[in-house]
Amino acid sequence: MVLPTLSRPVWCARCALYASLLALGVVLGPRGSVANPHADSVSIYLINHGYHVGLAMPTSAVSSDVWPEAATFPEARYLEVGWGDARFYQTLAPGLGMTLRAGLWPTPSVVHVAGLRQAPPLTFQGQDVVAVRISAARLRKLVRFVSEEVTRSGAEAALPTGEGLYGDSSFFAARRSYHAFYNCNHWAAEALRVAGLPLDRRGATTAGSLMRRVRAALGLPAPRPSS
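Cut-offs applied
Residues numbered from 1 in each chain as written. Predicted model: local features only at pLDDT ≥ 70, side-chain atom pairs only at ≥ 80, totals over all residues. Heavy atoms only, no water. Helix = DSSP H or I, 4+ residues; strand = E, 2+ residues; numbered from the N terminus. Buried < 20%, exposed > 50% of the residue type's maximum accessible area, 1.4 Å probe, protein only. Contact = heavy atoms within 4.5 Å. Areas by Shrake-Rupley, 256 points an atom, 1.4 Å probe, with all protein chains shown as cover. Phe/Tyr/Trp six-rings, centres within 6.5 Å; stacked < 30°, edge-to-face > 60°. Salt bridge = Lys/Arg side-chain N within 4 Å of Asp/Glu carboxyl O.

Visitor: Any details on the overall build of the protein? Residues and values, ideally.
Guide: Assigned secondary structure in the protein consists of seven helices and nine strands. The buried share of the protein, taken over its 227 residues, is 44%. Counting contacts in the protein only where the partners sit at least 6 residues apart, residues at least 24 apart contribute 66% of the total. Carbon and sulfur atoms form 56% of the exposed surface of the protein, whose accessible area is close to 12,200 Å².

Visitor: Pulling in residues and values, what's your account of the packing of aromatic side chains?
Guide: Given two aromatic rings, their pairing is described by the distance between the two centres and the angle made by the two planes. Counting across every chain of the model gives seven aromatic pairs. For the pair Trp 83 and Tyr 182, a centre-to-centre distance of 5.4 Å together with 75 degrees between the ring planes defines the contact as edge-to-face. Here Trp 83 is found in strand E5 (residues 78-85), whereas its partner Tyr 182 is found in the loop between strand E9 (168-173) and helix H6 (184-194), with 99 residues between them in sequence. There is no split in this pair, since Trp 83 and Tyr 182 are both buried. Taking the centre distance of 5.5 Å and the plane angle of 40 degrees together, the rings of Phe 145 and Trp 187 count as tilted. Residue Phe 145 is found in helix H5 (residues 136-149), and its partner Trp 187 is found in helix H6; the two are separated by 42 residues along the sequence.

Visitor: Could you give an account of the pattern of salt bridges, with specific residues and numbers?
Guide: Side chains bearing opposite charge may pair, as long as their charged atoms lie close to each other. Summed over the entire model, instances satisfying the criterion amount to four salt bridges. The salt bridge partner of Asp 128 is Arg 215, with a shortest N-O separation of 2.8 Å. One end of the pair, Asp 128, is in the loop between helix H4 (120-123) and strand E7 (129-134); the other, Arg 215, is in helix H7 (residues 207-218), with 87 residues separating them in the sequence. Given a relative accessible area of 18%, Asp 128 falls into the buried group.

That is the geometry; function is a separate question.
As structure tokens, then:
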């Protein structure tokens, strides 16, 4: 096989990009994923739910000592998390008034946790799912970020505030306020930055914009249109 010859400027630019991603613990890989050079790397997943992006991680790499609520899902192979306005997120059919309330001024928030028995690409078939490989150290930081979002009020583990949206899932009260300038996708972008992705939450207002920024940051192709 004959490799294409690259000009010196193009070669230098690619080397610089690769070095920058390597320094972050993330390098590009095939088939819509991101490969990591560390032997202890693991896959996390981004799931586009239409209005927000969920983040899923393998339970085998999650310690309940760090994230006590993880023990609530003993049968799960993956834990998917999301964050949002407490009333809006927990209402199946929120109206216009609730939508405006959630966006116009600060409101209480919740964390949604779903225990998945299959890998996210199988659980959420037909949805836009991106796999990202990160180091175990980065995953520990991500788990701590999620855990520190939960409000426990002095208890060892928080009690659910209600049943979740699908499967084995629950809502838990969260510590920060939801508002137009810090919504569910801003939170997901911040979590991904903790996980080592070169993201700025500014501009990641919608699920679509966040997924585009992730793909652009990691050099991944746009998703194939569903048939």
